[in-house]
Amino acid sequence: MHIHHIAFFSKDISRLKDFYVDLFQAQAGEMYQDERDFRSFMVRFENDTVLELMQMPDVLARTTPDHDDIHHVGLHHLAIAVASDDDVLALTRKASGLGSAVIKSPELTGDGFFESMVTDPDGNLVEICRAPLSEQ
């Protein structure tokens, strides 16, 4: 078994799709729309991990959790693994240039990750990480 996809509701799936495509070179499929005005994009990363970006009328907004100060039940962040520390640095700068808030600047963690934390256009937390060398 494996996880096929992770889904997010958004008020603007086109903006969210463009963020993941521009920052991580993900590939987006065609937009799906049904009679309820439910819309979605499937966004696929190079290793076949998929995000489903969904939009519907009257979806409630949510505030962005702060990485260290506010903890809540539910999805905390999405982690995107890259090949090197330089990739983490470059993508963090690029995300900032795209208007993302940098919640955590790139740093080496005690468990061996080199990571940063940024927000996507909806305020979801996105970790950009180089996995511990023992996992590579």
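Below is a summary of the structure that appears in this document. (Residues numbered from 1 in each chain as written. Predicted model: local features only at pLDDT ≥ 70, side-chain atom pairs only at ≥ 80, totals over all residues. Heavy atoms only, no water.)

1. Points about helix H1 (residues 13-24)
Three or four residues apart is the spacing at which side chains of an α-helix point the same way, because the helix has 3.6 residues per turn.
Point 1. Between the first and last C-alpha of H1 there are 16 Å, a value that for 12 residues agrees with the 16 Å anticipated at 1.5 Å per step.
Point 2. Of the positions making up H1, those classed as buried are Ile13, Leu16, Lys17, Phe19, Tyr20, Leu23 and Phe24. When H1 is viewed along its axis, its buried side chains cluster within an angular range of 155° and face the same direction.
Point 3. Phi turns positive one or two residues past the end of H1, at Gln25, with a value near 55°. (Helix = DSSP H or I, 4+ residues; strand = E, 2+ residues; numbered from the N terminus. Expected span 1.5 Å × (residues − 1). Buried < 20%, exposed > 50% of the residue type's maximum accessible area, 1.4 Å probe, protein only. Arc of directions from axis to C-beta.)

2. Things to note about the packing of H1 against helix H2 (residues 85-97)
Point 1. In the contact formed by H1 and H2, the axes pass within 10 Å of each other and the chain directions differ by 145°. Where H1 crosses over H2, the two elements pack in a sense that is right-handed. Together, Asp22, Leu23 and Phe24 of H1 and Leu91, Lys94 and Ala95 of H2 make up the contact between the two elements.
Point 2. Split by residue class, the contact of H1 with H2 holds four nonpolar, no polar and two charged. (Axes fitted to C-alpha atoms, helices over the stretch in contact; angles between N-to-C directions. Left-handed = near helix turned anticlockwise from the far one by under 90°. Contact = heavy atoms within 4.5 Å. Nonpolar A, V, L, I, M, F, W, Y, C, P; charged D, E, K, R; others polar.)

3. Here we look at the pairing of strand S4 (residues 39-44)
Point 1. For strand S2 (residues 27-28) and S4, the ladder comprises two bridges, and the chain directions are antiparallel. Note that in S4 the partner of Ala28 across the bridge is Val43.
Point 2. When strand S3 (residues 32-33) meets S4, the two strands line up antiparallel, connected through two bridges. In the strand pairing of S4, Gln33 is matched with Arg39.
Point 3. Where S3 hands over to S4, the hairpin turn is made up of five residues, of which Asp37 adopts a positive phi near 70°.
Point 4. Two elements, S4 and strand S5 (residues 50-55), share six bridges in a ladder whose sense is antiparallel. The residue of S5 that forms the bridge with Met42 is Glu52.
Point 5. From the end of S4 to the start of S5, which pair antiparallel, there are five residues, and Asp48 there has a positive phi angle of about 75°. (Pairing = 2+ DSSP bridges.)

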